[in-house]
Amino acid sequence: MAAGLRSDVPLLLGIALFTALFVSVGNMIADSLYGVIDPRIKAGGL
Amino acid sequence: MSQAQPRLRAAFSLAVTALLVIGLVASQWLLGDAPRQMQFDARLAPPGVDHWLGTDALGRELWARTLAGLALSFWVGCLAALLSTLIALSLAAIATLSARLDALVSLLIDTLLSVPHLILLMLIAFALGGGTQAVIIAVAVTHWPSLARVLRAELWQLRQAPYVRISRALGKSRWFVLHGHLLPHLIPHCLVGALLLFPHAILHEAALTFLGFGLSPSQPAIGVLLADAMRYLNGGYWWLGVFPGLGLLLMVLGFERLSSHLRRAL
């Protein structure tokens, strides 16, 4: 919050980067877990 | 009512919510100009018999303004939830067509999910110039990723069903399979998803308006009322903030309950 108000750009960039990283990795893990939980689900087109 | 009757509970919840919404919309039709009428002899009047929920700094009745704000929120939330459900559904359907398109849609979802909602909302609403239309578009454009992920996962599972594979093997096109076999299965998910998006849309609309990036201050929106109330909070005029906030809370909770009941019933 203080970083946003004083426009501390490196810190904000770092926060944005880590959020993006966490979201991407989390979604990737979730996608690969679909296949583990239910073996009928396979990647690929229709 | 026991938990063995999810359909009955859903129907009950649906009836109550529908009644409230119809009352809300009808009240706007009946009230006419009441939310804008000023009474200068009754400025900042506390809640009482004459002024049910009190009046604001210009002597406008707070109950009329709260109802008008809720009705406005309802329309904005409805349109935004509908639009973002449509976006989610079409993107999830596109993602099913091929692995490459799926990667593209996943990238889009991840990008939108990793940016804080409110900042994106503010940027889009500001870029579109504010106003009701801009708020609706901004909320619709930012709220679809979570629903799109759910629909996409559901489609992944359905894609391997025997009848889908037989249909493909018999030479039906991918579009035909998508339309005829897959999308009908998603209707309950879309319904519940839209109902779950609706409270989010309303809350974000109010937050956006509260911060001054949303609806114009001349409209009796909930966010405008709350922002006004903030200025008079120090003077002890509590009713300005409490009643619009309570109205918003009730509406959000009502729709939240309705969607959770519907999810169990469908």
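Residues numbered from 1 in each chain as written. Chains lettered and ligands numbered in written order. Predicted model: local features only at pLDDT ≥ 70, side-chain atom pairs only at ≥ 80, totals over all residues. Heavy atoms only, no water.

S.K.: Can you walk me through the overall build of chain B in this structure?
M.R.: For chain B, the count of helices and strands is 10 helices and 0 strands. The helix and strand sequence of chain B, counted from the amino end, reads α-α-α-α-α-α-α-α-α-α. Projecting the C-alpha coordinates of chain B onto the three principal axes gives extents of approximately 80 × 50 × 30 Å. Looking at chain B residue by residue over its 266 residues, the buried ones come to 45%. Restricting to contacts in chain B with at least 6 residues of sequence separation, those with at least 24 account for 68%. Counting only carbon and sulfur atoms, one obtains 70% of the accessible surface of chain B, whose full area is about 13600 Å². (Helix = DSSP H or I, 4+ residues; strand = E, 2+ residues; numbered from the N terminus. Buried < 20%, exposed > 50% of the residue type's maximum accessible area, 1.4 Å probe, protein only. Contact = heavy atoms within 4.5 Å. Areas by Shrake-Rupley, 256 points an atom, 1.4 Å probe, with all protein chains shown as cover.)

S.K.: Quick question: what am I supposed to make of the layout of surface pockets here?
M.R.: Rolled over the atoms, a probe as big as a water molecule pinpoints where empty space is left. All names here are of chain B. When its volume is computed, the second largest pocket comes out at roughly 370 Å³. Forming the walls of the second largest pocket are 17 residues, and the residues nearest its centre are Leu20, Leu70, Gly247, Leu250 and Met251. Every element with two or more residues in the lining of the second largest pocket is listed here: helix H1 (6-31), helix H2 (62-97) and helix H10 (239-265). The biggest single contributor to the lining of the second largest pocket is H10, with 7 residues. Taken together, the residues that form the lining of the second largest pocket break down as 12 nonpolar, 5 polar and no charged. (1 Å grid on protein atoms, 1.4 Å probe; cavity = no way out; pocket = protein on both sides within 12 Å on 5 of 7 lines; lining within 4 Å. Points joined across faces, edges and corners; volume = space filled by probe spheres on them. Nonpolar A, V, L, I, M, F, W, Y, C, P; charged D, E, K, R; others polar.)

S.K.: Any chance you could explain helix H8 (residues 187-210) of chain B here in plain terms?
M.R.: Along an α-helix, residues three or four apart share an orientation, since each turn contains 3.6 residues. Between its first and last C-alpha atoms H8(B) spans 34 Å; for 24 residues at 1.5 Å apiece the expected length is 34 Å, and the two agree. Gly212(B) lies just past H8(B) and shows a positive phi near 90°. (Expected span 1.5 Å × (residues − 1).)

S.K.: Could you clarify how one ought to interpret the environment of Leu19(B) in this entry?
M.R.: Residues and elements named next belong to chain B. In this structure, Leu19 sits in helix H1. For Leu19, a relative accessible area of 65% corresponds to the exposed category. Residues Leu19 and Ala57, 38 residues apart in the sequence, show an inter-C-alpha distance of 32 Å.

S.K.: What is the right way to read a nonpolar patch on the surface from this model?
M.R.: Residues Leu21(A), Val25(A), Ile29(A), Leu33(A), Val36(A) and Ile37(A) make up a contiguous nonpolar surface patch of roughly 580 Å² in combined accessible area. When its relative accessible area of 41% is taken as the criterion, Val25(A) is described as partly exposed. (Patch = residues over 30% accessible without salt bridge, like charges linked within 9 Å, V, L, I, M, F, W, Y side chains within 5 Å. Salt bridge = Lys/Arg side-chain N within 4 Å of Asp/Glu carboxyl O.)

S.K.: Sorry, what's going on with the interface of chain A and chain B here?
M.R.: Put simply, an interface is often sized by how much accessible area is lost when its parts join up. At the junction of the two partners, chain A supplies 16 residues and chain B supplies 18 residues. Carbon and sulfur atoms supply 56% of the area that chain A and chain B bury against each other, a total of about 1500 Å² over both sides. Where chain A packs against chain B, one counts 2 salt bridges. Asp31(A) is paired through a salt bridge with Arg149(B); the nearest N and O atoms lie 3.2 Å apart. Across the contact surface, chain A and chain B share 4 residue pairs in polar contact (both at pLDDT 80 or more). (Buried area = accessible area lost by both parts, 1.4 Å probe. Polar contact = N/O pair within 3.5 Å; in protein donor to acceptor, adjacent residues only side chain to side chain.)

S.K.: Just checking my understanding: could you explain the pattern of salt bridges for this structure?
M.R.: As a working rule, side chains carrying opposite charge can pair if their charged atoms are close by. Counting across every chain of the model gives 6 salt bridges over all chains. Ionic pairing is found between Arg152(B) and Asp31(A), a salt bridge with its closest N-O pair at 3.0 Å. Residue Arg152(B) is found in helix H5 (residues 132-159), and its partner Asp31(A) is found in helix H2 (residues 9-37); the two belong to separate chains. Comparing Arg152(B) with Asp31(A) shows no difference in burial state: the two are buried. Each of Asp31(A), Asp102(B), Arg149(B) and Arg152(B) takes part in one network of salt bridges that share partners.

S.K.: What should I look at first to understand unusual backbone geometry in this one?
M.R.: Glycine aside, residues mostly have negative phi, and peptide bonds are mostly found in the trans state. Residues and elements named next belong to chain B. In this structure, Leu44 is a non-glycine residue whose phi angle is positive, near 50°. Among the secondary structure elements, Leu44 is positioned in the loop between H1 and H2. You can call Leu44 buried: its relative accessible area is 18%.

S.K.: What am I meant to see in the packing of aromatic side chains here?
M.R.: Residue and element names in this part refer to chain B. Scanning the model with the defined rule gives 11 aromatic pairs over all chains in all. Summarising the aromatic geometry, the rings of Tyr237 and Trp239 are spaced 5.7 Å apart at their centres and angled 75° between planes, so their arrangement reads as edge-to-face. The class for Tyr237 is partly exposed, based on a relative accessible area of 26%. Accessibility expressed as a relative area gives 6% for Trp239, which makes it buried. Pairing Trp238 with Trp239 gives two aromatic rings, centres 5.8 Å apart and planes at 85°, and the pair type is edge-to-face. Take Trp238: its relative accessible area is 45%, and that puts it in the partly exposed class. Through pairs of rings, three or more aromatic residues link up here, namely Tyr232, Tyr237, Trp238, Trp239 and Phe243. We note Lys172 situated over the ring of Phe176; from NZ or CZ to the ring centre the distance is 5.0 Å. (Phe/Tyr/Trp six-rings, centres within 6.5 Å; stacked < 30°, edge-to-face > 60°. Lys NZ or Arg CZ within 6 Å of the ring centre and 35° of its normal.)

S.K.: I keep staring at the confidence of the model for chain B and nothing clicks. Help me out?
M.R.: Atom-level detail of predicted coordinates should not be read off regions where pLDDT is low. Put simply, chain B has an average pLDDT of 88, and 98% of its residues get 70 or more. For this predicted complex, the interface confidence comes out at an ipTM of 0.74, alongside a pTM of 0.86. (pLDDT = per-residue confidence, 0-100.)

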